[in-house]
Amino acid sequence: MCGHKPTTKHTPARWLPAAAVAVALTLGNAPALAQIEGVLEEITVTAQKREESLFEVPISVATLSGENYEVLFSGAEDILALSGRVPGLYAESSNGRAAPRFYLRGLGNIDFDLAASQPVSIIMDEVVMENVVLKSFPLFDMEQVEVIRGPQGTLFGRNTTAGIIKFNSVRPSEEISGYARASWGTFDTINVEGAIGGSLIEDRLTARFSGLYRSRDNWITNGFTGEESLGEYDETAARIQFDWTITDNLSALILAQARDLEGTSSIFRANIFSTGSRELNQNYDRETVYYDGGDNNPQEYQSEGLTLNVTWDSDAFSINSITSFQQAEGSSRGDIDGGVVDFTGMVPVPPGISFDPDAPVFGGSALTFPGTILVPSVTQDGADTDQFTQEFRIASNGTGPFSWQVGAFYFDSSLEVTTESFASFGFVSRQDTIIEQENTAWAIFGQGSYDLTDALNLTAGLRYTDDSRDFRVIQFGQLWLDLGIPTAIAAPISVDDDEIGWEISLNYALADDQSLFARVADGFRGQTIQGRDVAFLEAPTSARPETIISFETGWKGTLLADRLYVNAAAFFYEVDDIQLSVIGGDGNVNRVVNAREGEALGFEIDFDFLPTDNLRISGGYAFNNTEINDRNLGTAPCGSGLCTVLDPEDPDDPARVLVDGNPFPRAPETTYNVAVRYGVPAGDNGEVFFHTDWVWYGDINMPLYEAVEFKTSNQYEGGIRAGYTNFDAGWTVAFFGRNITNEDNVLGFVDFSNNTGFVNEPRVWGAEFRWEFGD
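What counts as what
Residues numbered from 1 in each chain as written. Predicted model: local features only at pLDDT ≥ 70, side-chain atom pairs only at ≥ 80, totals over all residues. Heavy atoms only, no water. Helix = DSSP H or I, 4+ residues; strand = E, 2+ residues; numbered from the N terminus. Rg over C-alpha atoms; globule rule 2.2 N^0.38 Å. Buried < 20%, exposed > 50% of the residue type's maximum accessible area, 1.4 Å probe, protein only. Contact = heavy atoms within 4.5 Å. Areas by Shrake-Rupley, 256 points an atom, 1.4 Å probe, with all protein chains shown as cover. Lys, Arg positive; Asp, Glu negative; His and termini not counted. Charge placed at Lys NZ, Arg CZ, Asp CG, Glu CD. Pairing = 2+ DSSP bridges. Core = buried A, V, L, I, M, F, W, Y, C linked by side-chain atoms within 4.5 Å. Patch = residues over 30% accessible without salt bridge, like charges linked within 9 Å, V, L, I, M, F, W, Y side chains within 5 Å. Salt bridge = Lys/Arg side-chain N within 4 Å of Asp/Glu carboxyl O. Axes fitted to C-alpha atoms, helices over the stretch in contact; angles between N-to-C directions. Disulfide = S-S within 2.5 Å. Phe/Tyr/Trp six-rings, centres within 6.5 Å; stacked < 30°, edge-to-face > 60°. Lys NZ or Arg CZ within 6 Å of the ring centre and 35° of its normal.

Caption draft 1: Quick peek at the overall build of the protein chain. Along the backbone of the protein chain there are 5 helices and 50 strands. The C-alpha radius of gyration computed for the protein chain amounts to 26 Å, which stays within 12% of the reference 28 Å derived for 775 residues, consistent with globular compactness. In terms of its C-alpha atoms, the protein chain occupies a principal-axis envelope of roughly 80 × 60 × 50 Å. Looking at the protein chain as a whole, 60% of its 775 residues qualify as buried. Contacts in the protein chain between residues far apart in sequence, at least 24 positions, make up 69% of those at least 6 positions apart. Carbon and sulfur atoms form 56% of the exposed surface of the protein chain, whose accessible area is close to 27700 Å². Of note, the protein chain has its 48 positive side-chain charges centred 3 Å away from the centre of its 113 negative side-chain charges.

Caption draft 2: Quick peek at the sheet that holds strand β39 (residues 634-635). Read across the open sheet, the 3 strands follow the order β39-β41-β40; overall the sheet is antiparallel. This sheet does not close on itself; its edge strands, each paired only once, are β39 and β40 (649-650).

Caption draft 3: Quick look at the nonpolar core. Counting 104 residues, the largest nonpolar core has Leu82, Leu139, Ile165, Phe167, Tyr705 and Phe710 as the members making the most contacts within it. The biggest single contributor to this core is strand β48 (residues 746-750), with 4 residues. Once you skip the residues sitting within four places of it in the chain, Phe167 turns out to touch Ile79, Leu82, Ile122, Ile123, Met124, Asp125, Leu139, Met142, Gln144 and Val145. If you look at the next biggest cluster of nonpolar residues, it comprises 21 residues, including Val57, Val61, Leu155 and Ala443.

Caption draft 4: Looking closely at a negative patch on the surface. A contiguous patch of negative charge on the surface is contributed by Asp188, Asp217, Glu228, Glu232, Asp234, Glu262, Asp285, Glu287 and Glu300. By the secondary structure assignment, Glu232 is in the loop between β16 (227-230) and β17 (233-245).

Caption draft 5: Structural detail: the sheet that holds strand β24 (residues 364-369). With antiparallel pairing, 3 strands are arranged side by side in an open sheet as β22-β24-β23. Either end of the sheet is taken by a strand with one partner, and the two such strands are β22 (340-342) and β23 (356-361). In this sheet, adjacent strand axes meet at a mean angle of 45 degrees when their direction is disregarded. Inspection of the sheet shows β23 paired to β24 by 4 bridges, in the antiparallel sense. Looking at β24, one finds that Pro360 is bridged to Ser365.

Caption draft 6: Seen up close, the pairing of β24. Note: β22 against β24, 3 bridges, orientation antiparallel. Bridging from a neighbouring strand, Val341 pairs with Thr368 of β24. Hairpin connection of β23 to β24: 2 residues between the antiparallel strands, including Phe362 at a positive phi of 55 degrees.

Caption draft 7: Summary view of the state of the cysteines. One pass over the full model with this rule turns up 1 disulfide. A sulfur-sulfur separation of 1.9 Å characterises the disulfide bridge that pairs Cys638 with Cys643. Of note, the bridge from Cys638 to Cys643 carries an S-S torsion of about -95 degrees and is left-handed in sense. For Cys638, a relative accessible area of 6% translates into the label buried.

Caption draft 8: Region of the structure containing unusual backbone geometry. A cis amide bond links Phe369 to the next residue, Pro370, at an omega of -5 degrees. With respect to the helices and strands, Pro370 occurs in the loop between β24 and β25 (378-396). Positive phi outside glycine occurs at Asp562, with the angle close to 65 degrees. Topologically, Asp562 is positioned in the loop between β33 (546-559) and β34 (564-576). Residue classification places Asp562 among the buried positions, given a relative accessible area of 17%. A positive phi angle is found at Asn714, which is not glycine, with a value near 55 degrees. Mapped onto the secondary structure, Asn714 falls in the loop between β45 (711-712) and β46 (715-726).

Caption draft 9: Structural context of the pattern of salt bridges. With the rule as written, the count across this model stands at 40 salt bridges. Asp467 is the partner of Arg158 in a salt bridge, and the nearest nitrogen-oxygen pair spans 3.3 Å. Of this pair, Arg158 sits in the loop between α3 (153-156) and β11 (163-169) while Asp467 sits in strand β28 (residues 456-475); the two residues are 309 residues apart in sequence, bridging distant segments of the chain. For the pair Arg158 and Asp467, a shared accessibility class is recorded, and that class is buried. One salt bridge in this structure joins Arg738 and Asp693, with 3.0 Å as the shortest N-O distance. Note that Arg738 is positioned in strand β47 (residues 731-738) and Asp693 in strand β43 (residues 686-697), a separation of 45 residues in sequence. You'll find Arg738 and Asp693 in the same group, each marked buried.

Caption draft 10: Focus on the packing of aromatic side chains. Under the criterion given, the structure shown has 23 aromatic pairs. Note on Phe735 and Trp765: the rings are 5.6 Å apart at their centroids and 10 degrees apart in plane angle, and the pair reads as stacked. Placement of Phe735 in strand β47 and of Trp765 in strand β50 (residues 764-773) is noted, with a sequence separation of 30 residues between them. Residue Trp765 is classed as partly exposed on the basis of its relative accessible area, which comes to 33%. One aromatic cluster is present, formed by Phe603, Tyr621, Phe623 and Tyr672 through successive ring pairs. Here Arg97 stacks its cationic end above the ring of Tyr233, 3.9 Å away from the centre of that ring. Between the NZ or CZ atom of Arg239 and the centre of the ring of Phe140, over which it lies, the distance is 4.5 Å.

Caption draft 11: Spotlight on the environment of Leu633. Note that Leu633 resides in the loop between β38 (615-629) and β39. On the basis of relative accessibility, which here comes to 9%, the residue Leu633 falls in the buried class. In the structure, Leu633 is positioned 18 residues away from Leu615 in sequence and 52 Å away in space, judged by C-alpha atoms. Excluding anything up to four places from it in sequence, Leu633 contacts Leu580, Val593, Ala595, Ile628, Val657, Leu658, Val659 and Asp660.

Below, the structure written as structure tokens:
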């Protein structure tokens, strides 16, 4: 039957690349496969909430684990390091290490606000992390990362129209086992992590504790003050798990985790694009900025979570209950204009950068640099969020032709967002604006799978969801109080909706190690309320749910005597009432709108190849052709002609441009990734190895509208790792580099005041040591 592991015997460890000993993997593309005697052995995934062979899952799934996963974090990177390591996956953030934004198959959300919803869901140890701050929990002691592409609403619910990223941490075991890892690199970058676990009561209670510490010193100089005062962070996190076998049929996993982050938020750089060009200009210096506000862009967040996962098993079926509470709070501040605005004209301008001695600011004039800055802006946003989730699921345990699962899900969350403005947009805040959003949802779902023949399997699923959201302003800023609060602004907003999602798929086993699948799936993203503009004298906005219908087909298989694994899929989807964020522009707004339709056509292919027992090559390619279809959808582009707009003017409103036919914002048209690993035996129990990994991105249009300055193309980044492993002792010592060519890749922009941008992480060289024990 398709998906069974090939029969092989293990060879001595000295002939295996270190990836095999460390629970081998693939580079974020082809499913994780261990190397055994020069072949690739399939492992299991949990994309359908049960352990299954990847060949038996009629979904496009890619995995990350082991060495190719671990190298991404050698330089103390955060969760954004996953970007591009799976074909079709992209990630970025304008909120430092606290609020990542993910995109799959071109579908995502560019909204930077802490209340933003996303169509890519993050699942950590079977629990959805809904708020963007919760999504940023650091990654360590991971068994496997699964990237599941396409709508996953039947089993995982709303807000999964693009797919999910599923993180599975290492579970406790009876044997004492664990690891220790430490690295040091450029800018005093430190990454220390480790875990230890084993049996507390034989055959009854096991435990595992894991922890993380990541830090970096300040490395960016504020040229306005002359101090090296930006770029640092200190992050600690811990997880403890107890796995209790209560009876032969009943078990409970208790998991608690916590995180503390302090450091610098995103670094905004004024006027690093010249009008008419997307190339970085003379104002850009990776290690220097010019801030007259923002207090060095501080950021701090804390989070805690507790999960109880109880399972009762019988021969016929199992009952599973997952109860979880998650909480996070903190804030980030930023000098958003990224430069200096001086009304005295007495501040000296540093040599080599552009400046404007008479910039029009608030009806007067000011000296500004770098370049012309029209609106000085320093803001701080803070979040205090908590969520409670409960899922009950009953699933069959039999081995017959029919398997099934049914369940119910409940979600309740509360979020307070506090916005403080410091000398922004012409006024100084004398009182913070605080808004509150509450979200409650419940669902019932079911899925069945039936073997029509020995080779052909049919799977179908259905889910009903009821979703409600409430918005209110807890505290208005002082300017609203001075002006008088309009009734329309003061009134609370409540929206609710119910949706039915479904899926149907076929999986055909062409051979024991090859399968063909086809899938049609429907899903939705819940209604959204965006209220950040209340802090800046604007009304909140809301959007209806978006619904998606997706068609995909694919092939998975091994070739060349199990030395080559290939996974290919093609897809087409339509999103009705697609939710889009209107960010910045001439009016500097943050609004959510519905477009009539969005559609995408594309494919992805990934592979894992063992040309020899010592050489391993893995990689992937994705193509996404996305398009907004709405002849009436328009937006105000960049302020005061700062950029070269490519869209036609709206004939009914010259201040707007029409965006019909544009690609989805931040949707890479193409992505490539590749990893190469070569190992040479050293003595009877060791290996010298070299590993390199690279990712490339094609054309990306960053805003909703199109402009020359805010497009990127052919950006890439690479890393290396070389060292020695002693298999008997379980230790590895290595030299590593991240972003080794020191690429300056633009990740985002701010367009209302000047051509501000922010970029990727710097080059880091370093050394690391890792020791594994047990199991």
